[in-house]
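# Summary of structural features
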Amino acid sequence: MPIRPPNFQPPFNVVRVAYVDCHVSEPALSKTFWVDALGLVVTEEMGDALYLRGLEERNHHSIVLRKGPDPDVTAIGFKVFSEEDLDRAASYCASKGLPHRFVERPFQGRTLAFDDPLGTPIELFYKMTTVPSMLRSYGAYRGAHIQRIDHVNCFSPDVQASYDFFTELGFRTTEYAAADDTDQLWSVWLHRKGNVHDIAFTSGRGPRFHHVGVWVSSVGDIIHTCDVLSTTGWLASMERGPGRHGLSNAFFLYLRDPDGHRVELFTSDYLTVDPDHEPTRWNLRDPQRQTLWGMPAPRSWFEEGARFPGRVVREPVLDAQPIVAPW
Ligand SMILES: [Fe+2]
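Let me sum up the structure you'll find in this document. Along each chain, numbering runs from 1 in the same order as the chain's sequence is written. pLDDT decides what is reported in this predicted model: residues at 70 or higher carry local features, side-chain atom pairs at 80 or more are listed and counted, and totals for whole chains, interfaces and linings draw on all residues regardless. Excluded from the side-chain calculation are hydrogens and water; included are all heavy atoms of the structure.

## Points about the state of the cysteines
In plain terms, the rule: Here, two cysteine sulfur atoms that lie within 2.5 Å of each other are counted as a disulfide. Here the term buried applies to any residue with accessible area under 20% of the maximum for its type, exposed to any over 50%, and partly exposed to those in between, with areas from a 1.4 Å probe on protein chains only.
Tallied over the full model, the rule gives zero disulfides. Cys154 provides the cysteine sulfur closest to Cys93, a residue in no disulfide bond, and the two sulfurs are 17 Å apart. Assessed through its relative accessible area of 1%, Cys93 is described here as buried. Take Cys154: it sits in no disulfide, and the sulfur closest to it among the cysteines is that of Cys22, at 11 Å. You can call Cys154 buried: its relative accessible area is 0%.

Structure representation (structure tokens):
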């Protein structure tokens, strides 16, 4: 039974994905990409760390770039509904035998760190320092006019296991891809906040991080970004797109930052809050699943991702050969 019914009584309440914490080799160079070219806002520069946010965001940070020895992703952060949910989450981790601990994170209240059963590093928090939204500060808009973090996408060596875990935590299924004529989950999109996803999993060597999706207001913002990047020295950063996904219906552009971290400019998906919202199934061989207009994604998009520090990467349980899309 690969697709599970929604769990409306989860052990603790997650509101949404809220931040990604990455290591980069040279924060000053990263700043030229994420801030000068893409238009994220610098909330704080602290030593070798950059705390960035989108224009509309009132929380202190949604992208954290810290100088580190390897270009890995150290944590995916989720906001929970209350302080009590952090204690409920700790009890849940204990009941499942998942190692967990409360950690100190700048500009955040109590933060619970744990790994999901596949080794994906997760952090949960309720309180974060708030800052003014710059939604109406149009004079400060630059680059892609990024408004907020939208989602993360991860490689999982066992998508069914990742799916089972996050579904138990109350994440709801919006779309999924399965090998033709089977119910084997190859990729799945899960949400808490009411659009297509907060987190997605794709079969592959993992656990690894595939990309962070950031929300922009319009297709025009993405087209404009293509013009900006291609004329300001960032042509090689454009990995895939622009285009429209079949799955999620979103308009997209995938970019690689100077360390290879992948970011997706994302807009035009849809509302999923109804409790009886039925998931959409895609056959893996349907080329319109990835790009509605039929163009294949590059090989790098399927194979390359960032490591989570210290986590053992395993080969996927599903055989990739019969189900990869044409390049
Ligand atoms: Fe995405």
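## Topic: the layout of surface pockets
To be explicit about the condition: Cavity: a set of points on a 1 Å grid over the protein atoms alone where a 1.4 Å probe fits but cannot get out. Pocket: an open set with protein on both sides within 12 Å along at least five of seven lines, its lining residues, like those of a cavity, having an atom within 4 Å of a point. Grid points are joined across faces, edges and corners, and a volume is the space filled by probe spheres set on the points. Starting at the N terminus, helices and strands are each numbered in turn, a helix being any DSSP run of H or I of at least four residues and a strand any DSSP run of E of at least two. Each residue receives one of three labels: charged for Asp, Glu, Lys and Arg, nonpolar for Ala, Val, Leu, Ile, Met, Phe, Trp, Tyr, Cys and Pro, and polar for the others, Gly being one of them.
Looking at the second largest pocket, its volume works out to about 250 Å³. Taken together, the elements giving at least two residues each to the lining of the second largest pocket come down to strand 1 (14-24) and strand 9 (148-156). Along the lines of polarity and charge, the residues of the lining of the second largest pocket split into three nonpolar, five polar and eight charged.

## Thoughts on helix 2 (residues 83-96)
An α-helix turns once per 3.6 residues; consequently, residues spaced three or four apart project the same way. Just so we agree on the cut-off: Between the first and last residue of a helix there are one fewer steps than residues, each counted as 1.5 Å, and that sum is the expected span. By arc we mean the arc of the directions from the helix axis to the C-beta atoms, nothing more. Throughout, a contact is declared for two residues whenever any of their heavy atoms are within 4.5 Å.
The first and last C-alpha atoms of helix 2 sit 21 Å apart over 14 residues, in line with the 20 Å expected at 1.5 Å per residue. When we look at burial in helix 2, the residues that qualify are Glu83, Asp85, Leu86, Ala89, Ala90, Tyr92 and Cys93. Along the axis of helix 2, the buried positions cluster into a sector of 165°, meaning they face one direction only. Structural note: helix 2 exposes Ala94 and Ser95 on the side pointing more than 90 degrees away from its buried face. In this fold, the buried residues of helix 2 make contact with strand 5 (73-80), strand 6 (100-103), strand 7 (111-115), strand 8 (121-125) and helix 3 (159-168). Taken from the residues just after helix 2, Gly97 is the one with a positive phi, measuring 75°.

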